[in-house]
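One-letter residues, chain by chain:
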Amino acid sequence: MKNNTNKLTLLNGLSYEGGRVGVLLIHSLGGTPLELKYVAQGYAREGYAVECPMLPGMTNGTDVLSLSRWQDWYAEVERVFDELSAKCDTVFVGGLSAGSILALKLAKERPGEIAGLLAFAPTLWPNGWAIPWTFNFYRLVHTRWFARLFRLNQRAPYGIKDERIRKFMTDAFKSENRSIEEVYARPGVMVLEFCRLVRSVMRDVGSIKVPTFIAHPREDDQSDLRNALKLQRKLAGPVESVILDDCYHVVTLDRQRDIVLERSLDFTARLLARIEEEERRTASTRRSTANVVDISG
């Protein structure tokens, strides 16, 4: 009998029980929740409730017929967000690469419901040094039937600079009896839907006022640093950024994942302290108003 243990692990979502503060993490285009496991566990150790769902159609190998649309991915994000919000008083949302664009979409559609955003190597257009220059011609693809004619392959280092971690990831995928080329290929329709998602978000990105933390590699093989800089300029709210100097695209797994987690935790902790202080001030003002005695008349 074929052993499907690794396959199930790769395609399962991640969920960690915690307190009244939640974190929703969204994986990359064609990726899996495994990309965010290190960050998810780090938040869970600090007492956060964490959800990192598998997004059908956007998760590697879950849409072989290329039927899903970006609206389907977003609908699943909203569903998980609503479930997490029902259990938590405060929720942060983050994502890796294309996952960060879905997080931005949620912030745009749900103003006031998200305490902060975490954007790990945000991608508006795949233009890293490992992306063939010919990919720019994909800007001419606007219909799904035409996109079906394409299959976009990735090449080493597959977003990971650390050779040991890269080998672990590729071996895990190899256990599914699929070639690395097949695993890391992206169907043309999936890429087209991602491009449509980006256009939808960027039209009104200037309306997003949620505090945002961005972690992006200087030598990103998939998504040039210009992606993060453009996003930083466009967002209306406060933005904190860290530029990483010793990792590639999958910053949540690569050599500087400790820095990414540490800075992310610091960012959310400071926002929580600010929220708690504002709540104390509001409560104090209400008590002072209630204690005023009307002596007129």
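Residue positions within a chain follow its written sequence, with the count starting from 1. The model is predicted, so local features are restricted to residues of pLDDT at least 70 and side-chain atom pairs to those at 80 or more, both for listing and for counting; the totals for chains, interfaces and linings are taken over all residues. Hydrogen atoms and water are omitted, and side-chain values are computed over all heavy atoms in the structure.

## Quick word on the pattern of salt bridges
- Every case where a carboxyl oxygen of Asp or Glu lies within 4 Å of a side-chain nitrogen of Lys or Arg is listed as a salt bridge. Summed over the entire model, instances satisfying the criterion amount to 20 salt bridges.
- When the shortest N-O distance is used, the salt bridge between Arg79 and Glu83 registers 2.7 Å. Placement of the pair is Arg79 and Glu83 together in helix α3 (residues 70-87), with a separation of 4 residues, close to one helical turn.
- Throughout, exposure labels follow a simple rule: accessible area from a 1.4 Å probe, protein chains only, divided by the maximum for the residue type, with under 20% read as buried, over 50% as exposed, and the rest as partly exposed. Taking the relative accessible area as the measure of exposure, Arg79 reaches 40% and is therefore partly exposed.
- Overall, Glu83 belongs to the partly exposed group, its relative accessible area being 45%.
- Linked by salt bridges that have partners in common, Arg69, Arg144, Glu193 and Arg196 make up one network. In DSSP terms, a helix is any run of H or I states spanning at least four residues, a strand is any run of E spanning at least two, and both are numbered starting from the N terminus.

## Looking at the sheet that holds strand β4 (residues 90-96)
- Taken together, 7 strands build an open sheet; the order of strands is β1-β3-β2-β4-β5-β8-β9 and the sheet is mixed. Each edge of the sheet is formed by a strand with only one pairing partner; in this case those strands are β1 (14-16) and β9 (239-244). Strand-to-strand, the axes of this sheet are offset by a mean angle of 15°, without reference to chain direction.
- Following DSSP output, two strands are said to pair if at least two bridges run between them. Bridge analysis of β4 against strand β5 (residues 116-120) gives 5 bridges, and the strand direction is parallel. Of the residues in β5, the one forming a bridge with Leu96 is Phe120.
- Only heavy atoms enter the contact rule, under which two residues are in contact if any of them lie within 4.5 Å. With axes taken as lines fitted to C-alpha atoms, and helix axes fitted only over the stretch in contact, angles between N-to-C directions fall between 0 and 180 degrees. Seen against the sheet, helix α4 (residues 98-109) touches β2 (21-26), β4 and β5 and runs at an angle of roughly 145° to β4.
- Strands β8 (212-217) and β9 of the sheet are contacted by helix α9 (residues 226-234), whose axis makes an angle of about 160° with β8.

## Side note on empty space enclosed by the protein
- Here a cavity denotes a set of grid points, spaced 1 Å apart and computed over the protein atoms alone, in which a 1.4 Å probe fits but from which it cannot get out, and a pocket denotes an open set meeting protein on both sides within 12 Å along at least five of seven lines; residues with an atom within 4 Å of a point are reported as lining. Grid points are joined across faces, edges and corners, and a volume is the space filled by probe spheres set on the points. On inspection of all chains with the given rule, the structure shows 1 cavity of 30 Å³ or more.
- The calculated volume of the largest cavity comes to roughly 40 Å³.
- For the largest cavity, the full set of lining residues is Gly57, Asp63, Ser66, Ser68, Trp73, Pro187, Val189 and Met190.
- Gly counts as polar in this scheme, as do all residues outside two lists: the nonpolar Ala, Val, Leu, Ile, Met, Phe, Trp, Tyr, Cys and Pro, and the charged Asp, Glu, Lys and Arg. A class-by-class count of the residues in the lining of the largest cavity yields 4 nonpolar, 3 polar and 1 charged.

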